[in-house]
Amino acid sequence: MSATPQQVLDFLKTSAPFDVLADDALQDLAKHARLIYLAAENQNQLLQENADRLFLIQSGQFSVKDSDGPERHLSEGDYFGFHSIIDGVSHPIEVKIDSPGLVYCFESEAFKALLSTPEVANFFEGTKSEALQNQAVQDSNSMWLYKSLNEVIERQPVSADIGLSVQQAAELMSESNVSSLLITENEKLAGIVTDRDLRNRVVATALDVGLPVSTIMTDKPAMITQNRTMFDAMALMSERNIHHLPVVDRGSRQPMGMVTASDIIRHQKGNVLFIIGELSKAENLYELTRLSWQMPHYLATHAKRPGDYDIAGKVLAQATDIMTRKLITFYQQQHGSAPIPYTWIVYGSQAREDQTMGSDQDNGLLLARTPNEQEAEYFAGMADYVCNGLGKCGIKLCPGNIMASNPELRLSLDDAISEAQQWVKQPTSKAIMYFNIFLDARAAAGDVELFRKMQLARAPLLKQKMFLAALARQANSDSVPLSMFQKFVFEKGHSVKDAIDLKVKAIAIINNLVRLYALDNGLTMPSTLARLASLPAGAGLSSRDANNLRDIWLFLTRLRWRHQLQNKVTDNCVSISDLSSIEKHQLKAAFKAIDRAQQAAVMKFSGGMS
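In this report, the structure presented in the accompanying data block is examined. (Residues numbered from 1 in each chain as written. Predicted model: local features only at pLDDT ≥ 70, side-chain atom pairs only at ≥ 80, totals over all residues. Heavy atoms only, no water.)

On to the packing of helix α22 (residues 502-520) against helix α24 (residues 543-567). Interhelical geometry of α22 versus α24 gives an angle of 150° and a closest axis separation of 10 Å. Classified by the angle between their axes, α22 and α24 sit roughly antiparallel to one another. Our pair here, α22 against α24, has a crossing hand that is left-handed. Judged by residue contacts, Leu-502, Lys-503, Ala-506, Ile-507, Ile-510 and Asn-511 of α22 engage Leu-549, Ile-552, Trp-553, Leu-556, Thr-557, Leu-559 and Arg-560 from α24. For the contact of α22 with α24, the class distribution of residues is nine nonpolar, two polar and two charged. (Axes fitted to C-alpha atoms, helices over the stretch in contact; angles between N-to-C directions. Helix = DSSP H or I, 4+ residues; strand = E, 2+ residues; numbered from the N terminus. Parallel < 35°, antiparallel > 145°, perpendicular 65-115°, else oblique. Left-handed = near helix turned anticlockwise from the far one by under 90°. Contact = heavy atoms within 4.5 Å. Nonpolar A, V, L, I, M, F, W, Y, C, P; charged D, E, K, R; others polar.)

Counting buried positions along strand β7 (residues 101-106) gives five out of six residues, so the element sits mostly inside the fold. Examined bridge by bridge, strand β2 (residues 54-57) and β7 share four bridges and lie antiparallel to one another. Bridged to Ile-57 within β7 is Val-103. (Buried < 20%, exposed > 50% of the residue type's maximum accessible area, 1.4 Å probe, protein only. Pairing = 2+ DSSP bridges.)

This brings us to the packing of helix α8 (residues 166-176) against helix α9 (residues 195-203). Look at α8 against α9: their axes get within 11 Å of each other, and the N-to-C directions meet at 145°. The chirality of how α8 crosses α9 is left-handed. Facing Val-166, Ala-170 and Met-173 of α8, the residues of α9 in contact are Asp-195, Leu-198 and Val-202. Within the contact of α8 with α9, the residues separate by chemical class into five nonpolar, no polar and one charged.

This part takes up the sheet that holds strand β12 (residues 224-225). Taken in spatial order, the three strands of this open sheet run β12-β13-β14, and their pairing is mixed. The sheet is open, and its two edges are formed by β12 and β14 (255-260), each paired on a single side. Where β12 and strand β13 (residues 244-248) come together, two bridges link them in parallel fashion. From the neighbouring strand, Ile-224 faces β13, where its bridge partner is Val-247.

Here the structure, examined in full by the defined rule, presents 19 aromatic pairs. Plain terms: the ring middles of Phe-55 and Phe-80 are 4.6 Å apart, the flat faces sit at 5° to each other, and that makes the pair stacked. Separated by 25 residues along the polypeptide, Phe-55 in strand β2 and Phe-80 in strand β5 (residues 79-80) bring together distant segments of the chain. Ring centres of Tyr-331 and Tyr-385 lie 5.9 Å apart, and the angle between their planes is 45°; on these two criteria the pair is classed as tilted. Here Tyr-331, found in helix α15 (residues 306-335), pairs with Tyr-385, found in helix α17 (residues 373-392); they are 54 residues apart in sequence, far enough to count as distant. Here Tyr-331 falls in the buried class, since its relative accessible area comes to 6%. By relative accessible area, which is 23% here, Tyr-385 ends up partly exposed. An aromatic cluster is defined as three or more aromatic residues linked by ring pairs; in this entry it consists of Phe-11, Phe-18, Tyr-79, Phe-82, Tyr-104, Phe-106, Phe-111, Phe-123 and Phe-124. One residue, Lys-588, lies across the ring of Phe-488, its end atom 5.6 Å from the ring centre. Residue placement shows Lys-604 over the ring face of Phe-605; its charged tip is 5.2 Å from the ring centre. (Phe/Tyr/Trp six-rings, centres within 6.5 Å; stacked < 30°, edge-to-face > 60°. Lys NZ or Arg CZ within 6 Å of the ring centre and 35° of its normal.)

Further remarks concern α24. In this model, α24 (25 residues) spans 36 Å end to end at C-alpha, consistent with the 36 Å of a helix rising 1.5 Å per residue. Among the 25 residues that make up α24, 18 are buried, leaving the element largely enclosed by the rest of the structure. (Expected span 1.5 Å × (residues − 1).)

This part covers the nonpolar core. Ranked by size, the top nonpolar core spans 108 residues in total, and within it Trp-344, Met-382, Phe-467, Leu-556, Leu-587 and Phe-591 carry the most contacts. Per-element tally for this core: the top contributor is α15, with 12 residues. Every residue in contact with Phe-591, bar those within four places of it in the chain, is listed here: Val-480, Pro-481, Leu-482, Phe-488, Ile-500, Leu-502 and Ala-506. If you look at the next biggest cluster of nonpolar residues, it comprises 25 residues, including Phe-18, Leu-29, Leu-54 and Phe-123. (Core = buried A, V, L, I, M, F, W, Y, C linked by side-chain atoms within 4.5 Å.)

For the rest of this paragraph, the subject is helix α2 (residues 23-31). Turning to α2, its buried residues are Leu-26, Leu-29 and Ala-30. Down the axis of α2, the buried side of the element spans an arc of 100°, and every buried residue falls inside it. In this structure, α2 carries Asp-24 and Lys-31 as exposed residues pointing more than 90 degrees from its buried face. (Arc of directions from axis to C-beta.)

Structure follows, in structure tokens:
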């Protein structure tokens, strides 16, 4: 069966990793393509005729063994035959036709030529090792610092030719209301004059203002190209101890703009971390709520890159911590200090520092001892005030009533330890589902030492084998949304037909698995990424698997944050049609890795009993 070059091109443009290739490379690959209809009655002949080729499935479902690894169940968008080409070893291809379909075959030499392209090589190496083809970006400290200067520059530069006099340069600066002037020669940056230069080099020395401006300018000043970031600009300005930094075109070196110390201060006022600082200055509930409602707006406006999404959950959790502490302060200003030591504990996403736009509040109070009636009334009032105050600040009340306003979640230290003993003694499926959330806990306010005492007392209890086995079975109760033939399984009854709930069907499973290994190794920090980074050698999870789970967690978190911000929603149901071709492959690889991790945990902690 023949396929027109345009037909092949159209399909390749939607097939990762070839969708990143330039048009000429795509056209060359298309010239070396054949389209076959692979069915039970012709498979032996066609596979023999197309031996040593790369196969890309357009339609159909096939069970394929093309390497020393296990049989793979493949469908649309999947590849086979690449092991032999990459390894330089002839692996026989065995195919079972589960559903006949169309398959593209590409000549091996044409495919080999593309392996010099990093994106193509990384994709197929990742597919071979069944690892996620995703590079985890290092955490950024704040979003605004990583904006490119193209996004930051707000006005055209004020510049003048090097032939201008000092007098004319000063007049131009005054007319333009700027504190610096870029000096050009043949339209390229040659120097810079600032207010300070005029004071120190002209006024203080009574210099003749008729002299050329080159007399007082800083020759060959520090400069930065427009594709660099605000962080790069700040670092350079700090290193050179300068307050004005010219921004030039990367190629021509023509002035594009200027970054000043005041620009940095102005942009910092739009920064999430600046808003967090302002939250701590709030003196009443009105100010706190007004500032808190700026957080979603800022995130929706400024979070554009993967690194932004990586820190967004942490930023929201930090903000919620500050809101909590401020609300406690407001309450105590009206009702006095707490009668006994206490800790305000946060659970779930706030504890893990992975909140999203749709996260509700989960919290409780830990008391040094059982309170008397008057003390109990004080803490009940505090809990109601803080929980309702958080609600006004945009942190929704928990529909499951996992809040300090619930009397059952205001416990003495002794009662909290006894509760953990009950969990371990009777870890039923229903009980595990209920108290799993309490296993991710963090002190947000109050007596941190009191919280540490509880954690120290609970740690040996929570690593008992019977309890961990029950947790492992619960972690395996939800499965990733992939069919046997690696097709996505979508949410039933959702308004979007191709939606997958990434929180329930993937992220929560990773959180459950990592929590399991953390408890087994006595780790008390609640963050999923921190737990993965802290697992010791011999923890039962190799560093390679831990790093892969970390990358998968980051990838999934980025997808759901992008979904929420771009669509202005608070759910976690991501539409597969919104993903790029490479993201679809990454998502399948992520789901498969999560499934393997689930099976490994069941084997380790419950002897394979799920």
